[in-house]
Amino acid sequence: MTHVEEELAGQPECWARAATQAAAHGGALPVVGERVAIVGCGTSYFMAQSAAALREGAGQGETDAFAASEFPHGRAYDRVVALTRSGTTTEVLELLGELRGRTRTTVITADPETPVMAAADDVVVLDYADERSVVQTRFATTALTVLRAHLGLHTGAVVADARAALDAPLPEGLVDSTQFTFLGRGWTVGLAHEAALKMREAAQAWTESYPAMEYRHGPISITTESTATWMLGEPPEGLAEQVRATGGTWVTGTLDPLADLIRAQRLAVAVAQARGLDPDRPRHLTRSVILAP
């Protein structure tokens, strides 16, 4: 078993633990009414997108998401939350340094022995969700689970769905697709982007991702008998029928969308293995992007 397989299989237990401990982290997380920005890089940025949509949708306050390198310094926020598994990502550390003394910051990280611990005002450590693999799975989804639970949007059913996502077989023939598109709506757009990233990282697969309603505005033109379109969450009316009419494979699920992301992670590993690739050693990538001065 690869590291990434072992780690993605540990998500139900990590989520259950995160939900139980969320209340203890409440003092470090945004309160109702705060204007908040959530930032990250790569996978963490996509989790930030999902978390921001969930928080604003829950009426907790205006919430934006940015890649750490694209933070708009001309805007005023009550708090900036940074997601970083490694605690060493250059763009995150630089942003936290620039915000020190003028905006309250919170970091959610996996490693308490890294520079980020001293860079933020508040810290949430999820060391039990840390990973050996370059490809992120359980840390990212556990960080999002902490934020969902903090918003009151997590239930035990999500963990049950995560276990079901590990047990259910993938759709027959899906691994042989030549192209994959992931779609989302609202908070699941970030999940769609993350699913596509997993396919690119682990399997070097041609993969795209979009808000579901945007799929008709051009991207559907690439859909054919050898492609797969995967919807995370509730699909727009009529879209499944349109995709099937092209001859393409339509994939959706009845699980919580975060649990359905586990199925997409499993697909990435399966495609990598079918192509003779090692998903623990993605091409051109390292566990953390640390830029030289």
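Residues numbered from 1 in each chain as written. Predicted model: local features only at pLDDT ≥ 70, side-chain atom pairs only at ≥ 80, totals over all residues. Heavy atoms only, no water.

Undergrad: Got a sec to walk through the overall build of the chain? Specific residues and values, please.
TA: Looking only at helices and strands, the chain features 10 helices and 9 strands. The globule rule puts the C-alpha radius of gyration for 293 residues at 19 Å, and the 18 Å found for the chain is close to it. Once the C-alpha set of the chain is aligned to its principal axes, its extents read approximately 55 × 40 × 40 Å. Burial analysis of the chain (293 residues in total) assigns 56% to the buried set. In the chain, once contacts between residues fewer than 6 apart in sequence are set aside, the share between residues at least 24 apart is 71%. Carbon and sulfur atoms form 51% of the exposed surface of the chain, whose accessible area is close to 12100 Å². Between the mean site of the 24 positive side-chain charges and the mean site of the 36 negative ones, the chain shows a separation of 1 Å. (Helix = DSSP H or I, 4+ residues; strand = E, 2+ residues; numbered from the N terminus. Rg over C-alpha atoms; globule rule 2.2 N^0.38 Å. Buried < 20%, exposed > 50% of the residue type's maximum accessible area, 1.4 Å probe, protein only. Contact = heavy atoms within 4.5 Å. Areas by Shrake-Rupley, 256 points an atom, 1.4 Å probe, with all protein chains shown as cover. Lys, Arg positive; Asp, Glu negative; His and termini not counted. Charge placed at Lys NZ, Arg CZ, Asp CG, Glu CD.)

Undergrad: So what about the packing of aromatic side chains? Which residues, and what values?
TA: Taken as a whole and judged by the stated rule, the model has 6 aromatic pairs. Ring geometry for F66 and Y77: centres 6.4 Å apart, planes at 70 degrees, overall edge-to-face. With F66 in strand β2 (residues 63-67) and Y77 in the loop between β2 and β3 (79-84), this residue pair connects regions lying 11 residues apart in the sequence. Residue F66 shares its accessibility class with Y77, and that shared class is buried. Centre to centre, the rings of Y210 and Y215 are 6.5 Å apart; their planes meet at 45 degrees, and the pair counts as tilted. Given the relative accessible area of 22%, Y210 is considered partly exposed. Relative accessible area serves as the criterion here: at 1%, Y215 is assigned to the buried category. Cluster of aromatic residues (ring-pair linked, three or more members): F66, F71 and Y77. Over the face of the ring belonging to Y77 we find R35, whose NZ or CZ atom lies 4.7 Å from the ring centre. (Phe/Tyr/Trp six-rings, centres within 6.5 Å; stacked < 30°, edge-to-face > 60°. Lys NZ or Arg CZ within 6 Å of the ring centre and 35° of its normal.)

Undergrad: Give a detailed account of the sheet that holds strand β7 (residues 207-211), specifying residues and quantitative values.
TA: Read across the sheet, 4 strands follow the order β7-β6-β8-β9 without closing on themselves; strand pairing throughout is parallel. On the outer flanks of this sheet lie β7 and β9 (249-251), each paired with one strand and no other. Between one strand and the next, the sheet's axes are offset by a mean angle of 20 degrees, whatever the strand orientation. Note: strand β6 (residues 179-184) against strand β8 (residues 227-232), 6 bridges, orientation parallel. Paired with T181 across the strands is T229, a residue of β8. Relative to the sheet, helix α8 (residues 188-203) contacts β6, β7 and β8, its axis offset from that of β7 by approximately 175 degrees. (Pairing = 2+ DSSP bridges. Axes fitted to C-alpha atoms, helices over the stretch in contact; angles between N-to-C directions.)

Undergrad: Would you mind going over the nonpolar core in detail, with residue names and values included?
TA: Ranked by size, the top nonpolar core spans 60 residues in total, and within it W15, I108, L126, F180 and F182 carry the most contacts. For this core, the element with the highest residue contribution is helix α10 (residues 257-274), accounting for 10 residues. Residues within four places of F182 in sequence aside, it is in contact with A192, A195, A196, M199, T207, E208, S209, Y210, W230, L232, A264 and L267. By size, the runner-up hydrophobic cluster in this structure holds 16 residues, among which are V39, A68, Y77 and L95. (Core = buried A, V, L, I, M, F, W, Y, C linked by side-chain atoms within 4.5 Å.)

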